[in-house]
Amino acid sequence: MSVLAGKAAVVTGGSRGIGRAVVERLARDGAQVVFGYARNAAAADEVTRAVEEAGGQATGLRCDLQEPGAAEEFMAQAEKRLGGLDILVNNAALSFSPAPLAETDEDLFDRVMAVNTRSAFLTMRWAARSMRDGGRIVNISTLNTVRPVRGITPYAASKGALEQLTLVAAQELGARGITVNTVSPGATDTDLLHEANPGVDFAPLKALTPLGRLGLPSDIADVVAFLSGPDSRWLTGQNLHATGGLG
């Protein structure tokens, strides 16, 4: 079903994991998609090929969101390619090895905030200025803002701030019919999860989850697709916990 036919979508961090699944799902629903990636051009090309083979349209643009000015340049290029903006999904996140607060490096904190929070502020500011009325903004947060675990101070802080950006933007943009929502995944089987938790046995976590498994990127992408489409028109300022019932 082409529920997003004619829509122009931008996805940050779209070459792997949840981001890739979002790009593929939005394209399958008919949107023309531009997605960002930091370094892995081969992975980005693979996403583009997969989308095109499925009959969709997606283009990857290199964008290291740690760099000053990168978010605005990415949005400018993306909107130029798309001819407008209807959907923005802020998915990009910086991975790192967990460490106690006392041992967390200040530079790491700044880099995580730059990618996970500042870049979303900048892309949302861009959208607030140029997104067409009736648009959709979806921010990807985490269950860890309400179910905290040790060692992730920068990550949890950055995502908590992102959730507040969502709430304020929903108030400001509602008069134009633009909805702004958050999706908070639980443990999802992605490279990011495994990179941040090397050697961890996730069996106990699966046992705590009512549905008995880790999430899949496609599970999260389906929720994002709903919030990006017409059926979510009466939802804004919400945080949907896509966790399989965990937390």
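Heads up: these notes are all about the structure in this document. Everything numeric here is computed off the predicted structure, so don't read it as measured data.

Analysis parameters
- All residue numbers refer to position in the chain's written sequence, counted from 1.
- Residue-level local features of this predicted model are given only where pLDDT is at least 70; pairs of side-chain atoms are given and counted only at 80 or more, and the full residue set underlies all totals for whole chains, interfaces and linings.
- With hydrogens and water stripped out, all remaining heavy atoms of the structure feed into the side-chain values.
- Think of each axis as a best-fit line through the C-alpha atoms, taken over the contacting stretch in the case of a helix, with angles from 0 to 180 degrees between the N-to-C directions.
- Helix and strand labels come from DSSP, where a helix needs a run of H or I of at least four residues and a strand needs a run of E of at least two; each type is numbered from the N terminus.
- Here the word oblique covers every angle except those under 35 degrees (roughly parallel), over 145 (roughly antiparallel) and from 65 to 115 (roughly perpendicular).
- Two residues form a contact once any of their heavy atoms are found within 4.5 Å.
- Only Asp, Glu, Lys and Arg are considered charged in this grouping, and only Ala, Val, Leu, Ile, Met, Phe, Trp, Tyr, Cys and Pro are considered nonpolar; every other residue, Gly among them, is considered polar.
- Salt bridge, as used here: a side-chain nitrogen of Lys or Arg that lies within 4 Å of a carboxyl oxygen of Asp or Glu.
- Throughout, exposure labels follow a simple rule: accessible area from a 1.4 Å probe, protein chains only, divided by the maximum for the residue type, with under 20% read as buried, over 50% as exposed, and the rest as partly exposed.
- By the convention used here, strands pair only if DSSP detects at least 2 bridges between them.
- The handedness criterion is simple: a crossing whose near helix is rotated anticlockwise from the far helix by less than a right angle is left-handed, and one whose near helix is rotated clockwise is right-handed.
- To qualify as a nonpolar core, a set must consist of buried Ala, Val, Leu, Ile, Met, Phe, Trp, Tyr and Cys residues joined through side-chain atoms within 4.5 Å.

Brief notes about the packing of helix α4 (residues 106-130) against helix α5 (residues 153-173)
Helix packing for two helices is described by the angle between their axes and how far apart those axes are.
Next up, step 1: Contact pair α4 / α5: the axes reach a minimum separation of 8 Å and the direction vectors enclose 10°. On the basis of the axis angle, α4 is roughly parallel to α5. In contact with F109, V112, M113, N116, T117, A120, F121, M124 and A128 of α4, α5 contributes P154, Y155, A157, S158, K159, A161, L162, L165, T166, A169 and L173.
Next up, step 2: When grouped by side-chain class, the residues that make up the contact of α4 with α5 number 15 nonpolar, 4 polar and 1 charged.

Some remarks on the environment of L65
Next up, step 1: Structurally, L65 can be placed in the loop between β3 (57-62) and α3 (70-82).
Next up, step 2: Once the C-alpha coordinates of L65 and R118 are considered, the two residues, 53 residues apart in sequence, prove to be 8.7 Å apart.
Next up, step 3: Residues in contact with L65, not counting those within four places in the same chain, are T12, A70, A71, A92, A114, V115, R118 and S119.

A closer look at the pattern of salt bridges
Next up, step 1: Evaluation of the coordinates by the stated rule reveals 11 salt bridges.
Next up, step 2: For D29, the salt bridge is made with R25, and the minimal N-O distance between the two is 3.1 Å.
Next up, step 3: Note that R176 is salt-bridged to D133, the shortest N-O span being 3.0 Å. Pair noted here: R176 is in the loop between α5 and β6 (179-185) and D133 is in the loop between α4 and β5 (136-140), with a separation of 43 residues, a long-range link.
Next up, step 4: Its relative accessible area of 27% is what places R176 among the partly exposed residues.
Next up, step 5: Among the charged side chains, a network of salt bridges with common partners joins R20, E24 and E46.

Observations regarding the sheet that holds β5
Next up, step 1: Read from one edge to the other, the open sheet built from 7 strands follows the order β3-β2-β1-β4-β5-β6-β7, with strand pairing classed as parallel. Lying at the two open borders of the sheet, with one neighbouring strand each, are β3 and β7 (239-242). The mean inter-strand angle of the sheet, taken between neighbouring strand axes irrespective of direction, is 20°.
Next up, step 2: One ladder, built from 5 bridges, connects β5 with β6; its direction is parallel. Each bridged residue has a counterpart across the sheet, and for R136 the counterpart in β6 is T179.
Next up, step 3: α3 contacts β1 (8-12), β2 (32-37), β3 and β4 (87-90) of the sheet and is inclined by roughly 160° relative to β2.

Describing the packing of helix α1 (residues 17-28) against helix α2 (residues 41-53)
Next up, step 1: Between α1 and α2, the least distance of the axes is 10 Å, while the angle of their chain directions is 25°. One element, α1, and the other, α2, form an angle in the roughly parallel class. α2 is crossed by α1, and the crossing has right-handed handedness. Along its contact with α1, which presents R20, V23, E24 and A27, the element α2 presents E46, V47, A50 and V51.
Next up, step 2: Split into classes, the residues belonging to the contact of α1 with α2 amount to 5 nonpolar, no polar and 3 charged.

Let's talk about the nonpolar core
Next up, step 1: Formed by 32 residues in total, the largest nonpolar core has its most connected members in V10, F74, L88, M131, I137 and V180.
Next up, step 2: Among residues more than four places away in sequence, those in contact with M131 are L85, D86, I87, L88, W126, R136, I137, R176 and I178.

In short, the description is geometric, and any link to function would need to be established separately.
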